[in-house]
Structures are given as structure tokens and as C-alpha cells.
Amino acid sequence: MTDVMSTQGQFPGAPGESERTRRLRSLGLNEPSADEAFDRFAHLAASITRAPIAMVNFINDERQMFRGLYIPPNSNDAAVEEGASWADRGIAFDLPTRQMPLSHGFCPHVVAQRSPLALDDILAYPRFSGNPVVDELGVRAYLGAPLVDDTNTVIGTVCVLDREPRQWGRERLRDIQHLAEALLSEIRLRDNLLAQQQEMFAAFDGSPFPIMLTDGPGQEIRYANAQHAETFGAPVAYGAIGVAYPQLGAAGLQQAVAEAYHTGRSTVLNDVRIQSSRPDAQRGQQIFSFTCTPLRVARTGQVNGVLTVGMDVTAQSRTEEELGTLAALLVDRLQQNGATPAGRPGIAGESGLVLPG
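Values in this document were obtained by computation on a predicted structure and should not be read as measured data.

### Some remarks on the nonpolar core
Phe58, Leu147, Val158 and Val160 are the most contacted members of the largest nonpolar core, which totals 28 residues. Elements with a minimum of two residues in this core: α1 (19-27), α2 (36-49), β1 (53-59), β2 (63-70), β5 (141-148), β6 (154-162) and α6 (169-205). If one sorts the elements of this core by residue count, α6 sits on top with 6 residues. Beyond its immediate sequence surroundings of up to four residues, Phe58 is in contact with Leu24, Leu29, Phe38, Arg63, Gln64, Met65, Arg67, Leu147, Ile155, Gly156 and Ile187. Core analysis: the next-biggest nonpolar cluster, separate from the first, contains 23 residues, Met55, Phe66, Val110 and Ile122 among them.

This is the structure we're talking about:
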């Protein structure tokens, strides 16, 4: 096989990626979706520092991602809808999505300098006063500390903001540093899960059936076992299904995976005819059936990825029920390998798979 996966089955980092981005990918933190555990931590940061806005911010090579976010609700309106903008919640500080360019804000400075940053009044610092968040979002005070993991990689920050000048002082600076240290226990847990995941992927590599894991709403391919790569070819690390496998995409597999992700229900795609890339391709066209099973966060039930299992039915009378049973057995096997950290974020399944990320 080509350099598609490690001996344990996971993709290496994409060419040109920084170590920080590779770490975020491996930890399942490289996209800006909300994470309940980090949201709670942001709330804690706001409470301790008495700041109105707090974030757990992970930063890759392209953007900032607010996996944890706290904005106080409008105390005068208990009926504010979930998902309403920050302005609707009574705070004139609106951000449409949980992400921001690297040019905005002050967390990229914290990451680059690997040290805390306290700005009591941003307008008093010419270096920072022209930052877009000052004019666009009205930020006047910032306090942030770096998240330095056990590999000595700075993967992001814990930070708090205010729209009024603040005298943070030594006590608040110490608080934000302690909060950053405390949050690293969550990162260490994810590292422990990665070690367990390696064992599971090794077991998948020995399976005679093509198995693939996709991540997040973009359905990036996170893992493909040896049989999958041998049958359909080697995918590009973290590429989307339609890009990595044009034949499978054209046959509707990307759509089936997306349906499983968005509906939270398993989907089955039958009668997929492809020309195999295997050495014995003289067999001609092969016919496959695929079962796509959504993976959920154990505590919240939020879908975070999809497990796809294929079965060659060219010369066999396999049934949809058999394929579904096979997928369920694989999910059960993963659970039995101890990868179910109840109440922890990650690719997980209340009725299925739990993996970090």
C-alpha cells in the first residue's frame, strides 16, 4: 500500500501541516463544532474571572475554533431561543459561527508567544488596538493563557473577554493559568483514548471487509482499513469521500454517509458497482453493499461521525440484514475494547462506537 495509513491504521498528517494541526486532528479538535464539556469549562472560566464572555479556543493553521463558549443569556428574557445570536441574548457581541480568522483577536498571539496575555484596555496598546475585534465586536479587555499539552505543543487557549476596560490583576492572571492547566486533564484523557483506538484500528486492519470512519459534517475520511484501501484504492488523508473515491461518490456513498450523519439513523446503499483496484481486477466489476452507522457522543447523543462497512455481494447472496449485523458486531467490538468514556466528548455511540474526536 502507499503511505495512506500508519501500521495501526490512522492517517499521518497531511503534507505541510504544523504539529499543532496534526495534534488537533488526532485529538478530534480540528473543527469548530460545539462541545458540551468545553462549553461548561468556558462557563467556569467566566464565573471565576467575572468576565461576561469566555472561550476554549483551539487554533490550527487556518482558523480559530471555539469548541467551548460562554455568553450569558439575557436575564430579562427567559424565552430567548437556543442558538440565538449574542445580540439577541442581550449582549452586543455577535459572532455567526464558532470560528474566526487568525487575523482576528488575541489568542493567536498567546499561541505564538506560548505565554499568557493580559490586556486591561486594548486601546492603550497600539500593537493591539487596531485588531478587527475591537471595531467589529467591541472588545476592550482580554485575558488568555496557552494550552500546552504533554507533547509540549500549544494547541489553543483559554480566554475571557469584556467590552469594558478591566483591571485583571495578578489574581485573575493566576486564575486563567490554573484553568488552562486544569483543562489539560481533558486533553490527557483524549490521549489515553487514542492509545486504545490504535488497538481497535489494528483489529480492523485484519478484517476481510472494507471499513471506513468519517469525521464531522464534512465527512472527512479519518481511517480506512487495509481491505478498504486494497479494494477501493488509497484515499487522501482527511479527504472527503467524493474526492478520495470518485466512483463511490458518484454511486451515492457520500450522500448515504451524509444522510446517516444528519438524520442519526443508519443508511444502507445497495448495488454499488465499481471497478476494483485490486491486483486481481480481471474479475471485472464488483457489486458492493454499504451500511453507514452514525457515531454519537455518549452523554449528549450528538452525531459526530459515521462508520461505513462494505460487503462484496458480487457472487454471494448477502442480505441487508447480514450487513447490518456485521456493522453492529464491529461497533460492539469497539465498545468491548474499553473505549467508552461515559460523559466524555468524542466520536461515540450510545448504541455504538466511541472514539476520541
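### Things to note about the sheet that holds strand β10 (residues 285-296)
If you walk across this open sheet you meet the 5 strands as β8-β7-β11-β10-β9, and the pairing is antiparallel. This sheet does not close on itself; its edge strands, each paired only once, are β8 (220-224) and β9 (267-275). The mean inter-strand angle of the sheet, taken between neighbouring strand axes irrespective of direction, is 30°. Summarising the sheet, β9 and β10 pair through 7 bridges and their orientation is antiparallel. Within β10, the position partnered with Arg273 by the bridge is Ile287.

### Considerations on empty space enclosed by the protein
Within this structure, the stated rule accounts for 1 cavity of 30 Å³ or more. Roughly 100 Å³ of internal volume is contained in the largest cavity. Around the largest cavity sit 15 residues that line it, and Met55, Met100, Gly105, Phe106 and Leu161 are the ones nearest its centre. Taken together, the elements giving at least two residues each to the lining of the largest cavity come down to β1, β2, α5 (132-137) and β6. For the lining of the largest cavity, a count of residues per class yields 12 nonpolar, 3 polar and no charged.

### Structural notes on the layout of surface pockets
Considered as a void within the structure, the second largest pocket measures approximately 390 Å³ in volume. Lining the second largest pocket are 22 residues, and of these Arg25, Asn30, Glu31, Arg63 and Glu220 sit closest to its centre. When residues of the lining of the second largest pocket are traced back to their parent elements, those giving at least two are α1 and β8. Among the elements that make up the lining of the second largest pocket, the one with the highest residue count is α1 (3 residues). Class assignment of the residues belonging to the lining of the second largest pocket gives a composition of 5 nonpolar, 8 polar and 9 charged.

### Points about the sheet that holds strand β4 (residues 117-119)
In spatial order, the strands read β3-β2-β1-β6-β5-β4; together these 6 strands make up an open sheet with antiparallel pairing. Looking at strand neighbours, the two that pair on one side only are β3 (99-101) and β4, the edges of this open sheet. This sheet shows a mean twist of 25° between the axes of neighbouring strands, independent of strand direction. Where β5 lies against β6, 8 bridges are found, and the strand directions are antiparallel. Opposite Pro146, over in β6, you have Thr157 as the bridge partner. Contacts from α1 reach β1, β2 and β6, with the element oriented near 85° to β6. Most of the contacts of α2 go to β2, to which it runs at about 70°, and overall it touches β1, β2 and β6.

### Considerations on the state of the cysteines
Between two cysteines, a covalent bond joining their sulfur atoms is known as a disulfide. For the coordinates displayed, the defined rule picks out 0 disulfides. Take Cys107: it sits in no disulfide, and the sulfur closest to it among the cysteines is that of Cys159, at 3.7 Å. By relative accessible area, Cys107 is classed as buried at 3%.

### Notes on the environment of Thr291
One can find Thr291 in strand β10. When the C-alpha positions of Thr291 and Ile211 are compared, they lie 9.9 Å apart, and in sequence the two are 80 residues distant.

### What about α2?
With 14 residues, α2 extends 20 Å between its outermost C-alpha atoms, agreeing within 8% with the 20 Å of an ideal straight helix rising 1.5 Å per residue. What α2 keeps buried is the set Ala37, Phe38, Phe41, Ala42, Ala45, Ala46 and Thr49. With a side-chain oxygen positioned 3.1 Å from the backbone nitrogen of Ala37, the residue opening α2 is Asp35. Phi turns positive one or two residues past the end of α2, at Arg50, with a value near 60°.

### Here's the deal with unusual backbone geometry
Its identity as a non-glycine residue notwithstanding, Arg114 has a phi of 60°, on the positive side. Here Arg114 lies in the loop between α3 (107-113) and β4. Residue class for Arg114 comes out partly exposed when judged on its relative accessible area of 41%.

### Observations concerning the pattern of salt bridges
A full pass over the atoms with the stated rule returns 13 salt bridges. Connected through shared salt-bridge partners, Glu31, Asp35 and Arg67 make up one network.

Reading guide: rules and limits
- Residues numbered from 1 in each chain as written.
- Predicted model: local features only at pLDDT ≥ 70, side-chain atom pairs only at ≥ 80, totals over all residues.
- Heavy atoms only, no water.
- Core = buried A, V, L, I, M, F, W, Y, C linked by side-chain atoms within 4.5 Å.
- Buried < 20%, exposed > 50% of the residue type's maximum accessible area, 1.4 Å probe, protein only.
- Helix = DSSP H or I, 4+ residues; strand = E, 2+ residues; numbered from the N terminus.
- Contact = heavy atoms within 4.5 Å.
- Pairing = 2+ DSSP bridges.
- Axes fitted to C-alpha atoms, helices over the stretch in contact; angles between N-to-C directions.
- 1 Å grid on protein atoms, 1.4 Å probe; cavity = no way out; pocket = protein on both sides within 12 Å on 5 of 7 lines; lining within 4 Å.
- Points joined across faces, edges and corners; volume = space filled by probe spheres on them.
- Nonpolar A, V, L, I, M, F, W, Y, C, P; charged D, E, K, R; others polar.
- Disulfide = S-S within 2.5 Å.
- Expected span 1.5 Å × (residues − 1).
- Polar contact = N/O pair within 3.5 Å; in protein donor to acceptor, adjacent residues only side chain to side chain.
- Salt bridge = Lys/Arg side-chain N within 4 Å of Asp/Glu carboxyl O.

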